[in-house]
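Chain and residue survey
Residue-level listing of the chains:
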Amino acid sequence: MNKIIHKNEGNTINCQIVVEADHSASAIVLQPEYASPEEAIGAISAELLKSGKCLTFKEIQLVLIVRMKLSSGEVQQSILREALMLVTNKSLF
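Notes on the structure follow.

Cut-offs applied
- Residues numbered from 1 in each chain as written.
- Predicted model: local features only at pLDDT ≥ 70, side-chain atom pairs only at ≥ 80, totals over all residues.
- Heavy atoms only, no water.
- Helix = DSSP H or I, 4+ residues; strand = E, 2+ residues; numbered from the N terminus.
- Polar contact = N/O pair within 3.5 Å; in protein donor to acceptor, adjacent residues only side chain to side chain.
- Contact = heavy atoms within 4.5 Å.
- Axes fitted to C-alpha atoms, helices over the stretch in contact; angles between N-to-C directions.
- Left-handed = near helix turned anticlockwise from the far one by under 90°.
- Nonpolar A, V, L, I, M, F, W, Y, C, P; charged D, E, K, R; others polar.
- Buried < 20%, exposed > 50% of the residue type's maximum accessible area, 1.4 Å probe, protein only.
- Expected span 1.5 Å × (residues − 1).
- Arc of directions from axis to C-beta.

Moving on to the side chain of glutamine 61. Its place among the elements puts glutamine 61 in helix α2 (residues 57–70). For glutamine 61, the side chain forms a polar contact with the side chain of threonine 88, separated by 3.2 Å. Discounting residues that sit within four places of it in the chain, glutamine 61 has contacts with Leu84, Val87, Thr88 and Ser91.

Look at helix α1 (residues 37–50) against α2: their axes get within 10 Å of each other, and the N-to-C directions meet at 115°. With respect to the hand of their crossing, α1 and α2 are arranged in right-handed fashion. When α1 is examined against α2, the residues Ile44, Ser45, Glu47 and Leu48 are found in contact with a partner set consisting of Glu59, Ile60, Val63, Leu64 and Arg67. Split into classes, the residues belonging to the contact of α1 with α2 amount to five nonpolar, one polar and three charged.

Let us now look at the environment of threonine 88. Residue placement: threonine 88 occurs in helix α3 (residues 74–91). Accessibility expressed as a relative area gives 28% for threonine 88, which makes it partly exposed. On a C-alpha basis, the gap between threonine 88 and lysine 58 in space is 8.6 Å, while along the polypeptide they are 30 residues apart. A distance of 2.7 Å separates the side chain of threonine 88 from the backbone oxygen of leucine 84, its partner in a polar contact.

The terminal C-alpha atoms of α2, which comprises 14 residues, lie 20 Å apart, in line with the 20 Å expected from a rise of 1.5 Å per residue. Taken together, the buried positions of α2 are occupied by Ile60, Gln61, Val63, Leu64, Arg67 and Met68. Viewed along the axis of α2, the buried residues span an arc of 165°, placing them on a single side of the element. Residues Lys58, Lys69 and Leu70 are exposed on α2 and point more than 90 degrees away from its buried face. As for α2, its buried residues are in contact with α1 and α3.

The structure is reproduced here in structure tokens:
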């Protein structure tokens, strides 16, 4: 069963689409939520490794930018923006 979850966060409504796979007990979340920039970087790094892609600063930056553009919540956009700044500053050195 597919679900759309709405959460009110201050003045914004955060919408999350969950698609449940038939072959697994776990659901696939198309727009994950992160509690901190570090959590976002770690989760994205794990996703890239699981998918067999190279783990580079550029790959992480690309995913962060896409997730930030797709995110509708101000809190998540702020967390992803901060994560992007952390990764960008690390890649400059």
